[in-house]
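Listed below, chain by chain, are the residues.
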Amino acid sequence: MSQPMPDRVELIPRPDTTPAGLKAALSIVAADRLPEMVDGQTRAMAEAISAGSVQPIRGFVAHWAAVVEIERVPATAQAYHRANYLANHAADVEDCRRYAVRVAEIYRTAYAAVNA
C-alpha cells in the first residue's frame, strides 16, 4: 500500500515560464493535457499575429504557468480536481457555487504565485 504524501510535496521544481519550459513540465505532471496546451498555443500565436500584439501569448503563458503550478503539487491538484468534479456534479446551485469558488481560489492562488 502506498503512503500518503505530505501536503507540500512537489513533483518537480517550478519551471521557467516559457512555452518550452511549461510544455516540458506539463509532460511530467499532466501529460494528458498536452494536446490542450498545444491547441491553446496555436490559437494564441494566431491571435497574436492577427492582433499585432504579444498579449495573447502572454495570457497563454500565464494560464499554463498556473496550471503547471497546480499540477506539480499533488495535494493542490487533488483539491482542485475534486472541487471541479463536485462543482460539475453538484445536486444544487449552492453546492455548485461553493465548489466553483474553491476551484477559482486554487487557480487564483497558483496564478499569483507564478505571475507576480
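Use the structure listed above.
Here the structure is a predicted model, which means the values were calculated and not measured. (Residues numbered from 1 in each chain as written. Predicted model: local features only at pLDDT ≥ 70, side-chain atom pairs only at ≥ 80, totals over all residues. Heavy atoms only, no water.)

Counting 16 residues, the largest nonpolar core has Leu-22, Leu-26, Met-37, Phe-60, Trp-64 and Val-68 as its most contacted members. Elements with a minimum of two residues in this core: helix H1 (19-29), helix H2 (34-51) and helix H3 (55-71). Among the elements that take part in this core, H3 stands out by supplying 6 residues, more than any other. Not counting residues within four places of it along the chain, the set of residues in contact with Leu-26 comprises Ala-31, Arg-33, Leu-34, Met-37, Trp-64, Val-67 and Val-68. Ala-66, Ile-70, Tyr-80 and Val-103 belong to the second-largest nonpolar core, a separate cluster that totals 8 residues. (Core = buried A, V, L, I, M, F, W, Y, C linked by side-chain atoms within 4.5 Å. Buried < 20%, exposed > 50% of the residue type's maximum accessible area, 1.4 Å probe, protein only. Helix = DSSP H or I, 4+ residues; strand = E, 2+ residues; numbered from the N terminus. Contact = heavy atoms within 4.5 Å.)

This brings us to the packing of H3 against helix H5 (residues 93-114). Between H3 and H5, the least distance of the axes is 8 Å, while the angle of their chain directions is 110°. As far as their axial angle goes, H5 and H3 are roughly perpendicular. As for how H3 packs across H5, the hand of that crossing is right-handed. Side by side, H3 and H5 meet where Ala-62, His-63, Ala-65, Ala-66, Glu-69 and Ile-70 of the first sit next to Ile-106, Tyr-107, Ala-110, Tyr-111, Ala-113 and Val-114 of the second. (Axes fitted to C-alpha atoms, helices over the stretch in contact; angles between N-to-C directions. Parallel < 35°, antiparallel > 145°, perpendicular 65-115°, else oblique. Left-handed = near helix turned anticlockwise from the far one by under 90°.)

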